[in-house]
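Structure assessment
Chain residues, written in single-letter form:
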Amino acid sequence: MYTQALDSPGAEPRSPASAGEAERERRFQERIDRDEKIEPKDWMPEGYRQTLIRQIAQHAHSEIVGMLPEGNWITRAPTLRRKLVLIAKVQDEGGHGMYLYSAAETLGVSRGELIEQLLAGRAKYSSIFNYPTLTWADIGAIGWLVDGAAIMNQIPLCRCSYGPYARAMVRICKEESFHQRQGYEIMLTLARGTPAQREMAQDALNRWWWPSLMMFGPSDAESVHTAQSMRWKIKRFSNDELRQRFIDVTVPQAQFLDLAVPDPALRWDEASQHFITGPIDWSEFQTVLKGHGPCNRERLGARRAAHDAGRWVREAAAAYADKHRDRTGGGAERYAQAV
Ligand code: FAQ
């Protein structure tokens, strides 16, 4: 995707073209080291801008595609209360996508361009959303595990060096926290329910556990962007550090539910005070990233169909903007561009 425009991933910042450029990069890094926020109109190295566009766009796409697995259950939620909560959650995710596209736009890329990359299959979104939601318990497991992993990854992003991304993450994290609790509450209800409900909860944990661990990205040894992103304070922790934190808080939650984590090698290590898991099957992660996960085709197909179905709304908004441009001084036009 956009990374192709970058220097070789994980490499040192580009050798500056001039002494002036070197001086600007030095001052930029000093600002980062002082924990100052970088704002859209500030000078920034091209690699920093491109890294942020890549990460924020991938994050925005994940929120939008992430609406699909849960959206699948809105019509079949078991009670009116569950239905209301699920609709609100899925709507929140759409909102997160919108904030994030807006944050990316402050870096000089248009939302239309990013959406076109997604629909053309040239952009990444989180691997986790290429798995199917087979039963109602999957909605509980997504809230508990997927939102739980998302929070673990995203709380540090509230301190990201780029102001618009950091500020968007504050509200997103508050909402994700509610999402995580609603998921855990579904799991608790099922785990304390009938034997069939309990079995459904266990089956969902079996299927979502390993893909949730993969959400944090490749191991530190394989992660191409972490070192540079941490120097720029875009990322504050490595993929493995965040994955370990997630494991350490989630295993006791599974124990409270009296459900078994599907990992025979899982053990508590007294020396390090961490839960140690068995090996992650990274070949599965790579398969999903290459587009061959269980639902990759279905997800992109659904997004393309939604985009086509919404064409008349965009056209109507553009026509409205044209008609009222003079009267509103451009306000309606800005509205049309935003929808
Ligand atoms: N899936 O060098 P790294 C959510 C790619 S939101 C797909 O370690 P980086 C809310 C990575 O892009 C979930 N691709 O990369 C919700 C790179 O590819 P590239 C999304 C992945 O950027 C809940 C390559 O592998 N969250 O769940 C994945 O330093 C419920 C090398 O990796 C965010 O996007 C993956 N899992 O670290 C919604 C958070 N992992 O670009 C609905 C922001 C890695 O070179 C329902 N993003 N890759 O072609 C981040 O924190 C980082 O981008 C990481 C990856 C940690 C995801």
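Right above here is the structure, for reference.
Report follows, based on the coordinates.

1. Quick look at the state of the cysteines
According to the stated counting rule, one finds 0 disulfides in the structure shown. Free of any disulfide, Cys158 has its nearest neighbouring cysteine sulfur in Cys173, separated by 3.9 Å. A relative accessible area of 21% places Cys158 in the partly exposed class. Accessibility expressed as a relative area gives 5% for Cys173, which makes it buried.

2. Re the nonpolar core
The biggest cluster of nonpolar side chains holds 77 residues, and the ones touching the most others in it are Tyr48, Leu52, Tyr162, Tyr165, Trp208 and Trp209. No other element matches the 10 residues that helix H7 (residues 163-191) contributes to this core. For Tyr162, the residues in contact, after removing those within four places along its chain, are Lys37, Ile38, Glu39, Pro40, Met44, Tyr48, Leu52, Ala103, Thr106 and Leu107.

3. Here we look at the packing of helix H4 (residues 80-105) against helix H5 (residues 111-119)
For the pair H4 and H5, interaxial distance at closest approach is 9 Å and the crossing angle is 115 degrees. Contacts from Met98, Tyr101, Ser102, Ala104 and Glu105 of H4 reach H5 at Arg111, Leu114, Ile115 and Leu118. Considering only residue class, the contact of H4 with H5 consists of 6 nonpolar, 1 polar and 2 charged.

4. Quick notes on the site of the ligand
The environment of the ligand is formed by 38 residues, the closest being Gln58, Lys124, Ser223, His225 and Lys235. Arg54 is positioned with one of its side-chain polar atoms (N or O) 3.0 Å from an oxygen atom of the ligand. Asn153 is positioned with one of its side-chain polar atoms (N or O) 3.0 Å from an oxygen atom of the ligand. At the level of secondary structure, the elements contributing two or more residues to the shell around the ligand comprise helix H2 (46-65), H4, helix H6 (137-154), H7 and helix H11 (282-292). Here the element with the most residues in the shell around the ligand is H2; it accounts for 6 residues. Considered class by class, the residues forming the shell around the ligand number 14 nonpolar, 15 polar and 9 charged.

5. Regarding the packing of H6 against helix H10 (residues 239-257)
Two packed helices can be described by the angle between their axes and the distance between those axes. Contact geometry of H6 with H10 gives a least axis separation of 10 Å together with a crossing angle of 145 degrees. For H6 against H10, the interelement crossing comes out right-handed. Across the interface between the two elements, Trp144, Leu145, Gly148, Ala149, Met152 and Asn153 of H6 pack against Leu242, Arg245, Phe246, Val249, Thr250, Gln253, Ala254 and Leu257 of H10.

Definitions and cut-offs
Residues numbered from 1 in each chain as written. Predicted model: local features only at pLDDT ≥ 70, side-chain atom pairs only at ≥ 80, totals over all residues. Heavy atoms only, no water. Disulfide = S-S within 2.5 Å. Buried < 20%, exposed > 50% of the residue type's maximum accessible area, 1.4 Å probe, protein only. Core = buried A, V, L, I, M, F, W, Y, C linked by side-chain atoms within 4.5 Å. Helix = DSSP H or I, 4+ residues; strand = E, 2+ residues; numbered from the N terminus. Contact = heavy atoms within 4.5 Å. Axes fitted to C-alpha atoms, helices over the stretch in contact; angles between N-to-C directions. Nonpolar A, V, L, I, M, F, W, Y, C, P; charged D, E, K, R; others polar. Near = heavy atom within 4 Å. Polar contact = N/O pair within 3.5 Å; in protein donor to acceptor, adjacent residues only side chain to side chain. Left-handed = near helix turned anticlockwise from the far one by under 90°.

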